[in-house]
Every structure is written in C-alpha cells, then in structure tokens.
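Each chain is listed here by its residues.
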Amino acid sequence: MSAKDTAKKLWSTLYGIQGFALFILMLGVTVLVFVQVIMRYVLHAPLMGIEELLLFPAIWLYLLGGASASMERTHIECNVINVYVKGPLALKLLEILKSSISLGVCLWLTYWAFEYLQYSLRVWKLSNLLYIPLFFGESALFICLSLMAIYTAVELGDGFLGLRAALQSKEAE
C-alpha cells in the first residue's frame, strides 16, 4: 500500500470517527433536551442540573462541528477578492495566503488552548451542581483547535500542490 493510499485511509477513518462523534453528541443533546421538556412541562418536575449536563456535549458539538467544517472546507468565507481577481495563478496564490494566515492564527490559538488545558488539569475545577470536572468540556478547545490546525495545514499543502500544477500548465502553454 502506498503512502498516498495510507493517508487517504487515515483521512477517511478520521472523518468517520469525527462524524460518528458528532452524531452521538447531537443525539445526546436531543435526548437531554427532550427529557428536560417532558419533565418540566408534562410532569411539572424539572430535573435539576440538566442544563449543566447539556453544557459538555454542547461545547464539544460546537467545536467539533467547527473542526468538521474545516476538514470538509465548508466553513464560512467571504470571497470578495474573487470578484476582482480572475487569474487562476493569482487565485492559487490568494488561497495559499488565506491558508497561511488561517494556519498561523489556528496555531496561535492552539498554543493558548494548550496553556489553558494545562491550567485546567492543574486546577481541576468542578461544575456547581453535579460536580462534573470542567476539564471534560475545556479539553475540547485544545483537541478541536489541534484538529483545525491539522486540517488547515493539509489545505495549505493542497494549495501549494495546486500552485505547482498551475505553474506547470502555464509553462506547458
């Protein structure tokens, strides 16, 4: 098996794991909200702490959803510059610039998230009502930002490959 095939298999496995985790998180949030609505409005016996319990899958869902959008390259963009720049070579250079800036910001945020993760491990705060370690929610920040940095680095690499292909096609003309 070639390195390219191994990378594709690893990529699809990671995509599957991430998609399954998102599915489980969405299912968990839906079930918890449904239970809370039934308990509160039908049985008139609200369950204390369910909002606090919802916090953890909601944090993971939000951040892992961002990482998933980064992996699929479906994150929100404002491509105003594409209206003015039409050349394929210039567009590839702009794509590389965008990915480079995104990777720099992502790596900077991941560094700060790592510092926060270390702080969270050292302090080991607990939630107010259910005494759940907040580390389980706070760790999502570092893990998901790390995933976003990896996906952005791959996007940057693809940008360089696209630039090389554009330069080769330009030379062939």
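Our structure's up above, just so we're on the same page.
Just so it is clear, the model here is predicted, and its values are computed rather than measured.

This paragraph deals with the side chain of Ser 99. The residue Ser 99 is located in helix H4 (residues 88–123) in this model. Residue classification places Ser 99 among the buried residues on the basis of a relative accessible area of 1%. If we skip the residues at most four places from it in the chain, Ser 99 touches Thr 152, Glu 155 and Leu 156.

Moving on, we get to the environment of Leu 93. Mapped onto the secondary structure, Leu 93 falls in helix H4. The exposure class of Leu 93 is partly exposed, given its relative accessible area of 45%. Along the chain, Leu 93 and Gly 159 lie 66 residues apart, while their C-alpha atoms are 8.0 Å from each other.

Another point: the pattern of salt bridges. Any two side chains of opposite charge can pair if their charged atoms end up close together. Applying the stated criterion to the full structure yields five salt bridges. For Asp 158, the salt bridge goes to Arg 73, with nearest N and O atoms at 2.6 Å. Taken together, the residues Asp 158 in helix H5 (residues 135–172) and Arg 73 in the loop between helix H2 (50–72) and helix H3 (81–84) connect sequence positions 85 residues apart. With a closest N to O distance of 2.8 Å, Lys 98 and Glu 77 form a salt bridge.

Moving on, we get to unusual backbone geometry. Backbone geometry places Arg 73, a non-glycine residue, at a positive phi of 60°. Given a relative accessible area of 36%, Arg 73 falls into the partly exposed group. Backbone geometry places Tyr 131, a non-glycine residue, at a positive phi of 55°. In this structure, Tyr 131 sits in the loop between H4 and H5.

On the surface, Phe 20, Phe 23, Ile 24, Leu 27, Val 31, Phe 34, Val 35 and Leu 47 cluster together to form a nonpolar patch covering roughly 750 Å² of accessible area. By secondary structure assignment, the location of Ile 24 is in helix H1 (residues 3–42).

Parameters and conventions
Residues numbered from 1 in each chain as written. Predicted model: local features only at pLDDT ≥ 70, side-chain atom pairs only at ≥ 80, totals over all residues. Heavy atoms only, no water. Helix = DSSP H or I, 4+ residues; strand = E, 2+ residues; numbered from the N terminus. Buried < 20%, exposed > 50% of the residue type's maximum accessible area, 1.4 Å probe, protein only. Contact = heavy atoms within 4.5 Å. Salt bridge = Lys/Arg side-chain N within 4 Å of Asp/Glu carboxyl O. Patch = residues over 30% accessible without salt bridge, like charges linked within 9 Å, V, L, I, M, F, W, Y side chains within 5 Å. Areas by Shrake-Rupley, 256 points an atom, 1.4 Å probe, with all protein chains shown as cover.

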